[in-house]
Amino acid sequence: MKIGVALPIAEREGQQVEYDEIRALALQAEDEGLDSIWFYDHLLFRSQGEPTRGIWECWTLLSALAEATKRVELGTLVLCTAFRNPALLAKMAVTLDAVSKGRLILGLGAGWHQPEFDAFGLPFDHLAGRFEEALSIIVPLVREGKVNFEGKYYSAKECEMAPGNIRAGGPPILIGASRPRMLELTARHADLWNTCWLGPVAALAPRLAPLEEARQKVGREAGKPGVTVGVSVHILAAGEEVPAAVDRERVIVGTVEEVGQALYDYQQAGAVHLICALRENTSQAYTRLAQAAQYCRKL
């Protein structure tokens, strides 16, 4: 099982995270042996009665860190297909996979936060239908290098990828989904499926059951798509007590060894990749996560 970390690219308590800090954490994750770094794809966060919360644009950071890093996989959790023309998105993915020498995990989703759609002038209707059409363009372009598609929302006529993929089948496609129609699309098209954000492994089984139903419905082979899980993690520093604000049912919390065991429990439950969202994005917290990952691998 691979273990990665979600990088902090959104504002925290009104303070933006500078690129130098993001880059330093990415390089630390790579140097200390984590398998992957992950990027959220949002344009802004806006809740009623609260100030707007900003976030850097996902693909720009992804491209920069594809050059800065050498080994870790680069995942999107998840790219909103409604933000970018799907044929262009496929072109971007094939290009970045080449730049990174085959390290991209192309995570895709339909989007859900209406304020960012409204603020940037993007249509928010028929998200599942738009996503299905986007997949009809992205999947064949990424995997086979060509598509001819005319839909209600998108089209890509006699479209080809040139230059083409540097690896057979292109980067793996991950879909983040939970509702029946989206899960059926996942079971039909994806290499990987993501569910998040969970704490201890007991929360995983109820999420797996609907995916299994979708897999059987479309006739996909057992074990496909592979299961990836976003987990919330807080690893205690030496002498630190569990913070009162931490909900043990929604956050994996404990010592390096206890968290390592909790990660291993996900491996035993069938997860092939974990994406850890740390409660504190500090260098010390990244070191503790790397130690927990090492402990997990030894079990």
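Here we summarise the structure given alongside this text.

## Points about the packing of helix H3 (residues 86–99) against helix H5 (residues 127–144)
The relative placement of two packed helices is expressed as an angle between their axes plus a distance between the axes.
Part 1: As a packed pair, H3 and H5 sit with axes 8 Å apart at the nearest point and diverge in direction by 30°. By the angle between their axes, H3 is roughly parallel relative to H5. Like other packed secondary-structure pairs, H3 and H5 cross with a definite hand, here right-handed. Of the residues in H5, those touching H3 at Pro86, Ala87, Leu89, Ala90 and Val94 are Ala134, Ile137, Ile138, Leu141 and Val142.
Part 2: Classifying every residue of the contact of H3 with H5 gives 10 nonpolar, no polar and no charged.

## Notes on the environment of Leu204
Part 1: Following the sequence through the fold, Leu204 ends up in helix H7 (residues 204–218).
Part 2: Not counting residues up to four positions away in its chain, the partners in contact with Leu204 are Thr195, Leu198, Val229, Tyr266 and Ala269.

## Overview of the packing of aromatic side chains
Part 1: Applying the stated criterion across every chain yields a total of three aromatic pairs.
Part 2: For the pair Tyr40 and Trp197, a centre-to-centre distance of 6.2 Å together with 70° between the ring planes defines the contact as edge-to-face. Remark: Trp197 occurs in strand S9 (residues 192–198) and Tyr40 occurs in the loop between strand S2 (36–39) and helix H2 (58–68); sequence separation between them is 157 residues.
Part 3: Accessibility expressed as a relative area gives 30% for Trp197, which makes it partly exposed.
Part 4: Between Phe83 and Phe117 the ring centres are 5.4 Å apart and the planes differ by 55°, which places this aromatic pair in the tilted class. Linking Phe83 in the loop between strand S4 (79–80) and H3 with Phe117 in helix H4 (residues 114–119), this pair joins segments that are 34 residues apart in sequence. Here the two residues Phe83 and Phe117 agree in accessibility, since each one is buried.
Part 5: Of the aromatic side chains, those joined through ring pairs into one cluster are Phe83, Phe117 and Phe124.

## Some words on the pairing of strand S3 (residues 73–76)
Part 1: Residues of S3 alternate between two faces, with Glu73 and Gly75 on one and Leu74 and Thr76 on the opposite face, all of them buried.
Part 2: As judged from the four bridges shared by S2 and S3, these two strands associate in the parallel manner. If you follow Ser36 over to S3, its bridge partner there is Glu73.
Part 3: Since S2 and S3 lie parallel, the crossover through H2 that links them has a hand, and here it is right-handed.
Part 4: Relative to strand S5 (residues 104–109), S3 runs parallel, the two sharing two bridges. Of the residues in S5, the one forming a bridge with Leu74 is Leu104.

## Considering the pattern of salt bridges
Any two side chains of opposite charge can pair if their charged atoms end up close together.
Part 1: In the structure shown here, the tally under the stated rule is 14 salt bridges.
Part 2: When the shortest N-O distance is used, the salt bridge between Arg12 and Glu21 registers 2.8 Å.
Part 3: Linked through salt bridges whose partners overlap, the residues forming this network are Asp41, Glu57 and Arg84.

## Considering unusual backbone geometry
Part 1: Here Cys196 and Trp197 are connected by a cis peptide whose omega angle stands at -15°.
Part 2: Cis geometry is adopted by the peptide bond preceding Pro225, which originates at Lys224 and carries an omega value of -5°.
Part 3: A positive phi angle is found at Lys101, which is not glycine, with a value near 60°.
Part 4: The topology assignment puts Lys101 in the loop between H3 and S5.
Part 5: Exposure remark for Lys101: the relative accessible area of 72% places this residue in the exposed category.
Part 6: In the Ramachandran plot, Glu158 falls in the positive-phi region, its phi being about 50° despite a non-glycine side chain.
Part 7: On the secondary structure map, Glu158 appears in strand S7 (residues 155–160).

Rules of the game
Residues numbered from 1 in each chain as written. Predicted model: local features only at pLDDT ≥ 70, side-chain atom pairs only at ≥ 80, totals over all residues. Heavy atoms only, no water. Axes fitted to C-alpha atoms, helices over the stretch in contact; angles between N-to-C directions. Helix = DSSP H or I, 4+ residues; strand = E, 2+ residues; numbered from the N terminus. Parallel < 35°, antiparallel > 145°, perpendicular 65-115°, else oblique. Left-handed = near helix turned anticlockwise from the far one by under 90°. Contact = heavy atoms within 4.5 Å. Nonpolar A, V, L, I, M, F, W, Y, C, P; charged D, E, K, R; others polar. Phe/Tyr/Trp six-rings, centres within 6.5 Å; stacked < 30°, edge-to-face > 60°. Buried < 20%, exposed > 50% of the residue type's maximum accessible area, 1.4 Å probe, protein only. Pairing = 2+ DSSP bridges. Right-handed = clockwise from strand over helix to strand, strands pointing away. Salt bridge = Lys/Arg side-chain N within 4 Å of Asp/Glu carboxyl O.

The values reported here are purely geometric and, on their own, carry no functional implication.
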